[in-house]
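# Inside the fold
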Amino acid sequence: MKPPSSQNPGDALRQIRQPTPQTFDIHIASDGAWYHEGGEIRRPALVKLFASVLQRADDGSFWLVTPVERGSITVADAPFLATAVTVAGSGAEQQINFSTNVGDAVTLSAAHPLQMRVPPKSDGAEDGAKDGADDGADEGLAPYVTVRGGLEARVVRPVFYELAELAVESD
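Since the model is a prediction, treat every value here as computed from it, not as a measurement.

### As for the overall build of the protein chain
Of regular secondary structure, the protein chain possesses 3 helices and 12 strands. Scored against the burial criterion, the 171 residues of the protein chain give a buried share of 33%. Taking all contacts inside the protein chain whose residues are at least 6 apart in sequence as the whole, residues at least 24 apart take part in 56%. Roughly 10600 Å² of accessible area belongs to the protein chain as shown, and the carbon and sulfur atoms make up 52% of that amount.

### Considering the sheet that holds strand β11 (residues 142-148)
Taken together, 6 strands build an open sheet; the order of strands is β9-β8-β7-β12-β11-β10 and the sheet is mixed. Across the chains shown, the open sheet's two edge strands, defined by having one partner strand only, are β9 (105-107) and β10 (114-117). Strand-to-strand twist of the sheet, defined as the mean angle between neighbouring strand axes without regard to direction, takes the value 40°. Bridge analysis of strand β7 (residues 80-88) against strand β12 (residues 151-155) gives 3 bridges, and the strand direction is parallel. Looking at β12, one finds that Phe80 is bridged to Ala153. On top of the sheet, helix α3 (residues 157-166) reaches β7, β8 (95-100), β10, β11 and β12; it is set at about 30° to β7, its chief contact.

### Section: the confidence of the model for the protein chain
For the protein chain, per-residue confidence averages 85 on the pLDDT scale, and residues scoring 70 or more make up 78% of the total. Across residues 125-132, confidence stays below pLDDT 50; counting only partners more than four residues off in sequence or on other chains, it has 18 contacts. In the predicted structure, residues 134-138 sits below a pLDDT of 50 and forms 15 contacts with residues beyond four places in sequence or in another chain.

### Observations concerning the packing of aromatic side chains
Inspection of every chain in the model, using the stated rule, returns 1 aromatic pair. The side chain of Arg70 reaches across the aromatic face of Trp63, ending 5.9 Å from its centre. The side chain of Arg117 reaches across the aromatic face of Tyr144, ending 3.7 Å from its centre.

### Here's the deal with the pattern of salt bridges
Taken as a whole and judged by the stated rule, the model has 4 salt bridges. Notably, a salt bridge pairs Glu40 with Arg42, separated by 3.6 Å at the nearest N-O pair. Owing to a relative accessible area of 27%, Glu40 belongs among the partly exposed residues under this scheme. Residue class for Arg42 comes out exposed when judged on its relative accessible area of 67%. Among the ionic pairs, Asp77 bridges to Arg154, the shortest N-O distance being 2.7 Å. Taken together, the residues span a long stretch of sequence, with Asp77 in the loop between β6 (70-75) and β7 and Arg154 in strand β12 at a distance of 77 residues. Note on accessibility: Asp77 and Arg154 belong to one class, buried.

### Things to note about the sheet that holds strand β1 (residues 21-28)
Pairing between the strands of a sheet comes from backbone hydrogen bonds, and it takes one of two forms, parallel or antiparallel. The strand order across the open sheet built from 6 strands is β3-β2-β1-β6-β5-β4, with neighbouring strands paired in mixed fashion. In this open sheet, the two edge strands, each paired with only one partner strand, are β3 (39-40) and β4 (54-56).

### Focus on the environment of Ala45
Here Ala45 lies in helix α2 (residues 44-52). Taking the C-alpha atoms as reference points, Ala45 and Val102, 57 residues apart in sequence, are found 8.8 Å from one another.

### A look at the environment of Gly103
Checked against the element boundaries, Gly103 lands in the loop between β8 and β9. A residue is classified by how much of its surface remains accessible, and Gly103, at 58% relative accessible area, is exposed. For the pair Gly103 and Thr83, spaced 20 residues apart in sequence, the C-alpha separation works out to 9.8 Å.

Rules and cut-offs
Residues numbered from 1 in each chain as written. Predicted model: local features only at pLDDT ≥ 70, side-chain atom pairs only at ≥ 80, totals over all residues. Heavy atoms only, no water. Helix = DSSP H or I, 4+ residues; strand = E, 2+ residues; numbered from the N terminus. Buried < 20%, exposed > 50% of the residue type's maximum accessible area, 1.4 Å probe, protein only. Contact = heavy atoms within 4.5 Å. Areas by Shrake-Rupley, 256 points an atom, 1.4 Å probe, with all protein chains shown as cover. Pairing = 2+ DSSP bridges. Axes fitted to C-alpha atoms, helices over the stretch in contact; angles between N-to-C directions. pLDDT = per-residue confidence, 0-100. Phe/Tyr/Trp six-rings, centres within 6.5 Å; stacked < 30°, edge-to-face > 60°. Lys NZ or Arg CZ within 6 Å of the ring centre and 35° of its normal. Salt bridge = Lys/Arg side-chain N within 4 Å of Asp/Glu carboxyl O.

In structure tokens form, the structure reads like this:
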């Protein structure tokens, strides 16, 4: 039997490759903790696995996407935290590198800029600060660095202080 003229045989294959969207009961708190059904995911390897398939849609929503499943999740602030900084070189050759709480490494550049902006207000419940993750959500601006694909890491306070020590006055 011949497929209808409005259907291309390749369309069926594309539909198979596009899993039906779901909503996963997963939340990333502003302190970088990941929660599933209200309980914290405490296995770092599992958090890293989820982080590796995290994507951000053009509308700003967050999705976990695998070849067989895709589901939206909620994120209180940025999905990652920049928890360490290293500096190599000096002057125009200086490179500033960030490490995230999920193992990403990012070199500050035009593709991975550092930006200051007002973070969202914390909802309080599970978003309490720990390990220096509170970067003044109620006090003003906080620093963020782009990691990949529209995903950002909020720079934790101790790392921001390290950056401030490196600052030089320049045009």
